[in-house]
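The lines below spell out each chain.
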Amino acid sequence: MHIRDWQDILTDVTEADVDPDGWRAVAGTRQEGLGEDLFLGHPNAGVYELKTYAKNPRELRGVGTQVARRIDDELDPLLPQQNRQQDTESEEQGRFAVQSPPSDEEHAESMAKRLEETVRVHSEAPTSPDDFFTDVMDALESPAFGPMKYEFDGRPEELNKLTETFEDTDDLLAKDLDDLVESDEVSRGFQ
C-alpha cells in the first residue's frame, strides 16, 4: 500500500483504461476529525479510499490509496448499484463525476457543441434522468462517473462497513490526514 496525495489518486482514476460509467462511490463525514471519507470503485480498476478536508473554501487537501485491486462479492453490495431502477433506495442515491479539463480551445469548443446537441436531443424526446446524465457525461468526456451514496452531515452504513473492511489502511490514512491538518494549522476553521 502506497499512501499518496488525493489528487494523484484521482489521476489514477481518470487515466484508468476502463469503462467511464462503471465507477461507483460512497462518501460521508469522517468518523473522527475534520473532513470526509470517500471510496471509489470500478470492477476492472479496483477500489480507492480517499480522506480529504477543506483547508479553505478554495483548497481541498487529502490523502488516498488503492485498497483493493477488484470489487469482489464482499465489496459489491457496499457500493451503489449501477442500475438505479434496480436499487430499492435509488431516491437516496446520487451521482458523481470526475472531470478532466479540455486540452485546448478547439477541444473545448468541440465538447461544448456535443453538450449543446445532447441537451437539445433530450429536450425534444422523453428520456430518463439516468440517460440524460450518462449522455452529458459522455459529451463532456468524463473519465469516471456513476452512482454515489453520500451523506453530507453523516455516514452511510456502507461507508462504515467499507471503513471496517479496510480498517488498517483507514487508520494509516486518518493519521496522515490528521498530520496534514495539524501542519496546515487549520484545526476546526478555515485558514
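Coordinates for the structure precede this section.
Notes on the structure in this doc start here. (Residues numbered from 1 in each chain as written. Predicted model: local features only at pLDDT ≥ 70, side-chain atom pairs only at ≥ 80, totals over all residues. Heavy atoms only, no water.)

Side note on the sheet that holds strand S7 (residues 144-150)
Two strands in a sheet stick together by hydrogen bonds in their backbones, pointing the same way (parallel) or opposite ways (antiparallel).
Part 1 of the reasoning: In space, the seven strands of this open sheet follow the order S1-S5-S4-S3-S2-S7-S6, with mixed pairing throughout. Two strands close off the open sheet at either side, each with one partner strand: strand S1 (4-5) and strand S6 (93-98).
Part 2 of the reasoning: Bridge analysis of strand S2 (residues 24-29) against strand S3 (residues 36-42) gives six bridges, and the strand direction is antiparallel. When the sheet's bridge partners are listed, Gly28 is paired in S3 with Asp37. (Pairing = 2+ DSSP bridges. Helix = DSSP H or I, 4+ residues; strand = E, 2+ residues; numbered from the N terminus.)

Notes on helix H5 (residues 167-184)
Part 1 of the reasoning: The first and last C-alpha atoms of H5 sit 25 Å apart over 18 residues, in line with the 26 Å expected at 1.5 Å per residue.
Part 2 of the reasoning: For H5, every residue scored as buried is listed here: Thr169, Asp170, Leu173, Ala174, Leu177, Leu180, Val181 and Asp184. On an axial view of H5, the arc spanned by its buried residues comes to 135°, and they lie on one face. Facing away from the buried side of H5 by more than 90 degrees, the exposed set consists of Asp168, Glu182 and Ser183.
Part 3 of the reasoning: Looking one or two residues past H5, Glu185 carries a phi angle of roughly 55°, positive in sign. (Expected span 1.5 Å × (residues − 1). Buried < 20%, exposed > 50% of the residue type's maximum accessible area, 1.4 Å probe, protein only. Arc of directions from axis to C-beta.)

Details of unusual backbone geometry
Part 1 of the reasoning: Although it is not a glycine, Glu141 sits at a positive phi angle of roughly 55°.
Part 2 of the reasoning: Relative to the helices and strands, Glu141 resides in the loop between helix H3 (129-139) and S7.

Remarks on the packing of helix H2 (residues 105-124) against H3
Part 1 of the reasoning: Between H2 and H3, whose axes approach to 8 Å, the crossing angle comes to 165°. The angle between the axes of H2 and H3 places the two elements in the roughly antiparallel class. Note that H2 runs across H3; the crossing there is right-handed. For the pair formed by H2 and H3, the contact residues are Met111, Arg114, Leu115, Thr118, Val119 and His122 on the first element and Asp131, Phe132, Asp135, Val136 and Ala139 on the second.
Part 2 of the reasoning: The class makeup of the residues in the contact of H2 with H3 is six nonpolar, two polar and three charged. (Axes fitted to C-alpha atoms, helices over the stretch in contact; angles between N-to-C directions. Parallel < 35°, antiparallel > 145°, perpendicular 65-115°, else oblique. Left-handed = near helix turned anticlockwise from the far one by under 90°. Contact = heavy atoms within 4.5 Å. Nonpolar A, V, L, I, M, F, W, Y, C, P; charged D, E, K, R; others polar.)

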